[in-house]
Amino acid sequence: FYVQQKQSAVESFAEQQNTLLSFAAANVEFGLASGSMGAIQKILGQLETYSIFEGAVILDADADRLLAKPEEFDIPASAMEGLLEGGMVTDGEISYEMAALQDEDQEALGYLLVAFTFAPVKAGIQQDLVYTIIIGLLILLPILGIAAWLIRRMLRPLGEVMQVVQRIAIGDVN
């Protein structure tokens, strides 16, 4: 059950990550094409409301930094190299993804680099595991208590027979 739940959470995380990246890339492309940095700031602000969002950087076509959210956020150099080569890099609980930004003529506008954290999902999985263990114990303990009571009740006649046998063994035949 736990393995299935973890797999489901990982798939859900990846789906949410892809959806957010696609949404943000489309809107940032529009903002860059129209020259509206305010609209881009708003899109990045919306991304910040998601618990899996760690940060984002927008680069121009020459890979120069235009904007970041939060402002102090930066992609590590090792992750940047991997992103420019392949589009996605994972470092521990942080996943870095890149989307190429293009105008309607398919001209390069720049890049959107987004970092997502798996920490909230992992915490949720761990919390669910704790709840599962607690519920299991709450179910198991009464069952064990009833089983112990039934076994003692079923063995009581055998105990009485043993007492009689012991009295006979010492010579008490009453």
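For the structure itself, consult the block above.
Presented here is an overview of the structure given in this document. (Residues numbered from 1 in each chain as written. Predicted model: local features only at pLDDT ≥ 70, side-chain atom pairs only at ≥ 80, totals over all residues. Heavy atoms only, no water.)

Moving on to the overall build of the protein. Assigned secondary structure in the protein consists of four helices and five strands. Each helix (α) and strand (β) of the protein, taken in turn from the N terminus, gives the series α-α-β-β-α-β-β-β-α. Computed over C-alpha atoms, the radius of gyration of the protein comes to 31 Å, more than 25% over the 16 Å expected from 2.2 N^0.38 for 174 residues, which places it beyond the range of a compact globule. For the protein, the spread of C-alpha atoms along the principal axes amounts to about 110 × 30 × 30 Å. For the protein, the residues scored as buried account for 29% of the 174 residues in total. (Helix = DSSP H or I, 4+ residues; strand = E, 2+ residues; numbered from the N terminus. Rg over C-alpha atoms; globule rule 2.2 N^0.38 Å. Buried < 20%, exposed > 50% of the residue type's maximum accessible area, 1.4 Å probe, protein only.)

With that settled, consider the pairing of strand S2 (residues 65-69). Bridging between strand S1 (residues 53-60) and S2 involves four bridges; their strand directions are antiparallel. Of the residues in S2, the one forming a bridge with Ala-56 is Lys-69. Here S1 folds back onto S2, and the loop between the two strands holds four residues, one of which, Ala-63, carries a positive phi near 70 degrees. (Pairing = 2+ DSSP bridges.)

Further remarks concern the side chain of Lys-69. Residue placement: Lys-69 occurs in strand S2. Since its relative accessible area comes to 18%, Lys-69 is described here as buried. Each residue touching Lys-69, except ones within four places of it in the same chain, is listed here: Gln-41, Leu-44, Gly-45, Glu-48, Phe-53, Gly-55 and Ala-56. (Contact = heavy atoms within 4.5 Å.)

Before going further, it helps to examine helix H4 (residues 119-169). Taking 1.5 Å as the rise per residue, H4 with 51 residues should run 75 Å; its terminal C-alpha atoms sit 70 Å apart, in good agreement. The sharpest bend along H4 comes to roughly 35 degrees, located at Arg-156, with the proline Pro-157 sitting one to four residues further on. Looking one or two places after H4, you find Gly-171, whose phi comes out positive at around 105 degrees. (Expected span 1.5 Å × (residues − 1). Bend = angle between axes of the 7 residues up to and from the residue.)

Time to look at unusual backbone geometry. Note that the residue after Lys-69, namely Pro-70, is joined by a cis bond; omega there is -10 degrees. The residue Pro-70 is located in the loop between S2 and helix H3 (77-86) in this model. One non-glycine residue, Ala-63, lies in positive phi territory at about 70 degrees. Checked against the element boundaries, Ala-63 lands in the loop between S1 and S2. One non-glycine residue with positive phi stands out, namely Gln-106, at about 65 degrees.

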